[in-house]
Amino acid sequence: VIDKGLDQCAMLACQEQSLWPEEAFRMKVLQLDELLAIRHCVFLIGNPGSGKTACWKTLRLAKSLKDPHKKVSGWTGREETARQVDRELKDLCVC
């Protein structure tokens, strides 16, 4: 189920950030919102320049535009290398 209101806000957020509001990109933003609704933590993993940061920043702005009175928090945008992520995952594994 696509949140039409959030999709419109994502389009405005793209324009505000000078991004091209392509349907595929907006769909990624909406999918990230759906994931965050059901998961405690989400990792955005991909090649440099693939739109990871633009995706979460656009979602943050879109949610702020949709409901200006609601504070959007919990966005660290922390970048980690693959080696750091691998080390943290190994620490979590009980072997």
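Just above sits the structure.
Residues numbered from 1 in each chain as written. Predicted model: local features only at pLDDT ≥ 70, side-chain atom pairs only at ≥ 80, totals over all residues. Heavy atoms only, no water.

**Student:** Please clarify how the packing of helix 2 (residues 23–38) against helix 3 (residues 52–66) should be interpreted in this entry.
**Tutor:** Helices that pack against each other are described as a pair by the angle of their axes relative to one another and the distance between those axes. Direction vectors running N to C along helix 2 and helix 3 enclose 75°, while the axes themselves pass 9 Å from each other. In terms of their interaxial angle, helix 2 and helix 3 are classed as roughly perpendicular. Taken together, the residues of helix 3 that come into contact with helix 2 (itself represented by Phe25, Lys28, Val29, Leu32, Asp33 and Leu36) are Ala54, Cys55, Trp56, Thr58, Leu59 and Lys63. (Axes fitted to C-alpha atoms, helices over the stretch in contact; angles between N-to-C directions. Helix = DSSP H or I, 4+ residues; strand = E, 2+ residues; numbered from the N terminus. Parallel < 35°, antiparallel > 145°, perpendicular 65-115°, else oblique. Contact = heavy atoms within 4.5 Å.)

**Student:** Can you walk me through helix 2 in this structure?
**Tutor:** Owing to its 3.6 residues per turn, the α-helix brings residues three or four apart onto one side. Taking 1.5 Å of rise per residue, the 16 residues of helix 2 would be expected to cover 22 Å, and the 23 Å separating its terminal C-alpha atoms lies within 8% of that figure. Every buried residue of helix 2 is accounted for by Phe25, Arg26, Val29, Leu30, Leu32 and Asp33. Summarising the axial view, the buried residues of helix 2 lie within an arc of 150°, below the 170-degree limit, and thus occupy one face. Of the exposed residues in helix 2, the ones pointing more than 90 degrees away from its buried face are Glu23, Ala24, Lys28 and Ile38. Residues of helix 2 that are buried make contact with helix 1 (4–16) and helix 3. (Expected span 1.5 Å × (residues − 1). Buried < 20%, exposed > 50% of the residue type's maximum accessible area, 1.4 Å probe, protein only. Arc of directions from axis to C-beta.)

**Student:** What should I look at first to understand the environment of leucine 65 in this one?
**Tutor:** Its location among the elements puts leucine 65 in helix 3. By relative accessible area, which is 32% here, leucine 65 ends up partly exposed. For the pair formed by leucine 65 and glycine 5, sequence separation is 60 residues and the distance between their alpha carbons is 9.9 Å. Excluding its chain neighbours within four sequence positions, the residues that come into contact with leucine 65 are Cys9, Leu12, Ala13 and Glu16.

**Student:** Teacher, can you tell me more about the nonpolar core here?
**Tutor:** Here is a general trend for soluble globular proteins: nonpolar side chains tend to be buried in one another's company. Among the nonpolar cores identified, the biggest contains 13 residues, and Leu6, Phe25, Val29, Leu32, Cys55, Leu59 and Ala62 are the most heavily contacted of them. Elements supplying a minimum of two residues to this core: helix 1, helix 2 and helix 3. Ranked by residue count, the leading element in this core is helix 1, at 5 residues. When residues no more than four places from it in sequence are discounted, the contact partners of leucine 32 are Val42, Leu44, Cys55, Trp56 and Leu59. (Core = buried A, V, L, I, M, F, W, Y, C linked by side-chain atoms within 4.5 Å.)

**Student:** What should I look at first to understand helix 1 in this one?
**Tutor:** An ideal rise of 1.5 Å per residue puts 18 Å on 13 residues; helix 1 measures up with 18 Å between its terminal C-alpha atoms. Among the residues of helix 1, those classed as buried are Leu6, Asp7, Cys9, Ala10, Ala13 and Cys14. Seen end-on, helix 1 carries its buried residues on one side only, within an arc spanning 165°. Turned more than 90 degrees away from the buried face of helix 1 sit Lys4 and Glu16, all of them exposed. On its buried face, helix 1 is in contact with helix 2 and helix 3. At the N-terminal end of helix 1, a side-chain oxygen is found 3.2 Å from the backbone nitrogen of glycine 5, two or three residues along, and the residue is aspartate 3. Two residues or fewer past helix 1, serine 18 is found with a positive phi of approximately 60°. (Polar contact = N/O pair within 3.5 Å; in protein donor to acceptor, adjacent residues only side chain to side chain.)

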